[in-house]
Amino acid sequence: MRGGQDGLELVWFVARDDAASAGSIDAAGPGAGPGGDGAVAEALAPYVHQKLPLDGETRAALERNGLRLVRVPLSDLGSLESGLTRVGPRNRDWLGWALEWREAFRGASIAEGSALMVNGARTKSWGGTLRVVARAWTAPKVAGEGLRRALRVEMAVQLQETGRSEGVAAFAAPDPVIDVRREGRVMPGTVIDAELEPGWAYVLTAERPGVSWGSRSVEENRGGKDDQGLRFAKPAEGDAPEGALLGPAAVPPPSVGEAMLTNAARLESGGPVKAVLIFIPRASATPEASSR
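Calculation notes
- Residues numbered from 1 in each chain as written.
- Predicted model: local features only at pLDDT ≥ 70, side-chain atom pairs only at ≥ 80, totals over all residues.
- Heavy atoms only, no water.
- Phe/Tyr/Trp six-rings, centres within 6.5 Å; stacked < 30°, edge-to-face > 60°.
- Helix = DSSP H or I, 4+ residues; strand = E, 2+ residues; numbered from the N terminus.
- Buried < 20%, exposed > 50% of the residue type's maximum accessible area, 1.4 Å probe, protein only.
- Lys NZ or Arg CZ within 6 Å of the ring centre and 35° of its normal.
- Core = buried A, V, L, I, M, F, W, Y, C linked by side-chain atoms within 4.5 Å.
- Contact = heavy atoms within 4.5 Å.
- pLDDT = per-residue confidence, 0-100.

Let's shift gears to the packing of aromatic side chains. Per the counting criterion, the structure on display carries 1 aromatic pair. With 5.0 Å between their ring centres and 80° between their planes, Trp-12 and Phe-105 make a pair best called edge-to-face. Here Trp-12, found in strand 1 (residues 7–16), pairs with Phe-105, found in strand 4 (residues 98–110); they are 93 residues apart in sequence, far enough to count as distant. Owing to a relative accessible area of 5%, Trp-12 belongs among the buried residues under this scheme. Between Arg-68 and the ring centre of Trp-213, over which it is positioned, the NZ or CZ distance is 5.1 Å. Over the ring of Trp-200 we find Arg-71; its NZ or CZ atom is 3.6 Å from the centre of that ring.

Rendered as structure tokens:
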């Protein structure tokens with residue numbers, strides 16, 4: 001790993017994701033808010049229309065696999081973090097200028113044979129631990145008549161095979177020494193190859209596929225439910241015109257992003273939690289090249 005000033009910085013923490021968990025970032029005790037969801041989505045909603053260095057196909061693939069990437073001005077990062085209720089410490093890792101693949105974040109483990117949605121298809125998973133692997137380097141880029149440094153980043157979600165990940169806790173410190181080609185399978189639809197612009201933070205988190213941020217509320221996108229957890233369905237043509245059809249809300253298996261970054265089990269002190277990964281590109285300025 002090289003690059004004392006140029007490279008990739010990663011900040012990550014686990015936050016409560018119930019709807020009423022906004023408040024002090026250090027408020028992690030009981031009574032922080034009633035059950036619900038959407039705190040992370042609510043915090044990121046003002047930034048969903050910021051332009052990302054991804055094409056439409058890549059962005060759609062990420063969302064289909066339960067991953068959301070949002071670009072936030074670096075000056076807004078403090079207020080964004082303070083608006084979430086953190087569970088546990090705030091972690092900072094310097095990936096720097098890493099030409100070889102590194103483990104950036106270790107997520108949750110999944111049992112062999114458990115159901116998982118990959119690229120929209122239900123699959124049976126082989127056991128292992130989901131993690132983010134990444135590498136980054138700087139390169140000059142023409143900007144108008146001059147040059148500037150740009151940070152090229154490649155990252156993906158990998159399922160590290162059982163045996164290599166045994167005994168390692170979820171959301172643990174990353175392992176800096178990996179052999180990405182031998183330690184598991186890169187999950188399709190999770191690869192990012194992009195140029196990240198200094199002065200911005202790129203936030204990666206999870207969301208259920210099909211949920212829209214920024215247009216309607218997260219609760220509206222989740223669909224109406226009565227107080228017993230039943231979903232109202234619109235009658236099909238030819239059915240009885242009066243009344244709504246009732247049935248249990250079908251819960252699909254978790255997507256890759258949800259399985260890696262969320263904990264559906266409620267904590268003793270509150271609701272579900274979600275990991276928030278913040279990638280910060282760092283690149284020193286370069287003198288402008290003389291125009292030709």
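Glancing now at the environment of Trp-94. Note on placement: Trp-94 falls in strand 3 (residues 86–96). Remark: the alpha-carbon pair of Trp-94 and Ala-104, spanning 10 residues in sequence, is separated by 9.3 Å.

With that out of the way, let us pick up unusual backbone geometry. A positive phi angle is found at Asn-119, which is not glycine, with a value near 55°. For Asn-119, a relative accessible area of 31% gives the class partly exposed.

Before going further, it helps to examine the nonpolar core. The biggest cluster of nonpolar side chains holds 40 residues, and the ones touching the most others in it are Leu-130, Leu-277 and Phe-279. At 5 residues, the largest contribution of residues to this core is made by strand 8 (residues 146–161). Excluding its chain neighbours within four sequence positions, the residues that come into contact with Leu-277 are Leu-10, Val-11, Trp-12, Phe-105, Val-132, Tyr-202, Val-203, Leu-204 and Leu-261. Core analysis: the next-biggest nonpolar cluster, separate from the first, contains 22 residues, Ala-15, Ala-39, Ala-43 and Ile-278 among them.

Considering every residue of the chain, the mean pLDDT works out to 76; 65% of them sit at 70 or more. Throughout residues 22–37 the model reports pLDDT below 50, and contacts reaching past four residues in sequence, or to other chains, amount to 43 contacts. Low pLDDT, under 50, characterises residues 287–292; the predicted model gives this stretch 8 contacts beyond four residues in sequence or across chains.

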